[in-house]
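Structure at a glance
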Amino acid sequence: MKPCSHLKISEVATEHGRKIGYIELDHPKTLNSISLEMAQAMYHALRQWDQDEGIAMVVIWADNEKAFCAGGDIQQLYHSAIASPGGPCEYGEAFFLHEYHLNFYMHGYRKPILSLGHGIVMGGGMGVFMGSSHRVVTENSRLAMPEISIGLFPDVGGTWFLNRIPYKLGYFLALTGAPLQINDALFSGLATHSLAWSERATLFGALAAQQWALNPQDNHALLNETLRGLALGEETLRQLPRSELHTHQRQLEYVCSQPCFSQLRQAILDIDSESPWMNRARESLEAGSPLSSLLIYEQLVRYRYASLREIFLSEYVLAVNILRFREFPEGIRALLIDKDKCPQWTYPRFDQVPASRLNRFFMAPWDENPLAALMDADA
């Protein structure tokens, strides 16, 4: 098992002889943001447990009131980008490589993976959460893909899961970074189950008491049964914040039905609502990177019907090219380094981005995609 200072990796015996693999994210100073070391250690643990017939399932969680995982460690990515303008950016490119490898591997995992997405679940945290077969939210969950604010795009498989939200509502979420609460996550299908955070010990006890089978598919069903028995009731869910996606569904369907980027963008900017959530979403698009907004839309459209493998390979191409460009480090500088919140975007308006410049972001900077080799090694 690959050790990592910011993860607690353990195997817990159950009452009937099988074991459960636990990965606890434990980097509270960064709200459990994922580093290269953490991504590699998580992959190695999952790989070992996949081959161990004694392991019935895996739990990924954080004993943290604030966050499951707030994203990738973008400060390290910032320093990698500014150290090598134009690239290659050694640390940053290695980070995206192993993070995406982990996420892709999780999507195809045979055994159940339960992620307990309490608190902040953003960016790289969404990659881990959405790669899990069983995605549990609590009354304090807050999910988002806010990459437009830092000159990036919703990666870690965002092209896959945002495109699978009905009525193309994922386009709105991608372009605005709008946060989702528990009822949003359940309504959109991003989450599969709910749980009161206070019941986490009860959940772990129920998992330990379950009579796990040898067949992984049977264990998926057993885990569903366990989670259904602990889920928040409809009356409790009604007392929690309403689903903004459901409340504004008709208006959002209209916005996301626009036939091209410029019309979709304008429809979002034309939002005039009494809802603070809708207005903040509009403001995030206005303040975000115009270049990123184009890249986000183009990535979602180009790969809407692509396979998961094709999507992750394309995201790695785009992420590396963005890392080597000035937009991403400038976005991080403004938000997290200098904290002036006044990014000097490369192109003040989206219609100033040359088509040739946009297309170059989708062109691989190498003859062979390094991620493909890692994927093939897992086969």
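What this report covers is the structure whose coordinates are included nearby. (Residues numbered from 1 in each chain as written. Predicted model: local features only at pLDDT ≥ 70, side-chain atom pairs only at ≥ 80, totals over all residues. Heavy atoms only, no water.)

With that settled, consider the side chain of Glu 315. Relative to the elements of secondary structure, Glu 315 occurs in helix 16 (residues 308-323). There is no salt bridge for the buried Glu 315, and the closest opposite charge comes from Arg 164, which lies 9.5 Å off by N-O distance. There is a polar contact of 3.2 Å between the side chain of Glu 315 and the backbone nitrogen of Val 156. Reaching out from Glu 315, the side chain makes a polar contact with the backbone nitrogen of Gly 158 at a distance of 3.4 Å. Each residue touching Glu 315, except ones within four places of it in the same chain, is listed here: Tyr 100, Phe 153, Pro 154, Asp 155, Val 156, Gly 157, Gly 158, Thr 159 and Gln 299. (Helix = DSSP H or I, 4+ residues; strand = E, 2+ residues; numbered from the N terminus. Buried < 20%, exposed > 50% of the residue type's maximum accessible area, 1.4 Å probe, protein only. Lys, Arg positive; Asp, Glu negative; His and termini not counted. Salt bridge = Lys/Arg side-chain N within 4 Å of Asp/Glu carboxyl O. Polar contact = N/O pair within 3.5 Å; in protein donor to acceptor, adjacent residues only side chain to side chain. Contact = heavy atoms within 4.5 Å.)

Turning next to the layout of surface pockets. Where empty space is left in the structure can be found by rolling a water-sized probe over the atoms. Roughly 1200 Å³ of internal volume is contained in the largest pocket. Considering the residues around the largest pocket, the lining is formed by 46 residues, among which Met 122, Pro 146, Ser 149, Ile 150 and Leu 335 are closest to the centre. Of all elements in the fold, only helix 2 (74-83), helix 3 (90-107), strand 6 (120-122), strand 8 (142-144), helix 14 (276-287) and helix 17 (327-337) reach the threshold of two or more residues within the lining of the largest pocket. When residues in the lining of the largest pocket are grouped by element, the largest group, 6 residues, is from helix 14. (1 Å grid on protein atoms, 1.4 Å probe; cavity = no way out; pocket = protein on both sides within 12 Å on 5 of 7 lines; lining within 4 Å. Points joined across faces, edges and corners; volume = space filled by probe spheres on them.)

What follows concerns the sheet that holds strand 2 (residues 19-25). If you walk across this open sheet you meet the 6 strands as 1-2-3-5-7-9, and the pairing is mixed. Whereas interior strands pair on both sides, the edge strands pair on one side only; in this sheet they are strand 1 (7-13) and strand 9 (193-194). By the bridge criterion, 2 bridges tie strand 7 (residues 134-137) to strand 9 in an arrangement that is parallel. Note on strand 9: the bridge partner recorded for Val 137 is Ser 194. Where helix 1 (residues 36-51) meets the sheet, it contacts strand 1, strand 2, strand 3 (55-61) and strand 5 (113-117), and its direction lies at approximately 15° from that of strand 1. (Pairing = 2+ DSSP bridges. Axes fitted to C-alpha atoms, helices over the stretch in contact; angles between N-to-C directions.)

Let us look at the packing of aromatic side chains. Centre-to-centre distance and the angle between the planes together describe a pair of aromatic rings. Tallied over the full model, the rule gives 18 aromatic pairs. Pairing Trp 61 with Trp 197 gives two aromatic rings, centres 6.5 Å apart and planes at 50°, and the pair type is tilted. Here Trp 61 is found in strand 3, whereas its partner Trp 197 is found in the loop between strand 9 and helix 8 (200-209), with 136 residues between them in sequence. Judged on exposure class, the residue Trp 61 and its partner Trp 197 are both buried. Aromatic rings pair up to connect Tyr 91, Phe 95, Phe 96, Tyr 100, Phe 104, Phe 312, Tyr 316 and Trp 366 into one cluster. Sitting over the ring of Tyr 171, Lys 168 keeps its end group 4.8 Å from the ring centre. The ring of Trp 197 has Arg 200 sitting right over it, with the charged end atom 4.1 Å from the ring centre. (Phe/Tyr/Trp six-rings, centres within 6.5 Å; stacked < 30°, edge-to-face > 60°. Lys NZ or Arg CZ within 6 Å of the ring centre and 35° of its normal.)

Limitation: the analysis is restricted to geometry and does not speak to function.
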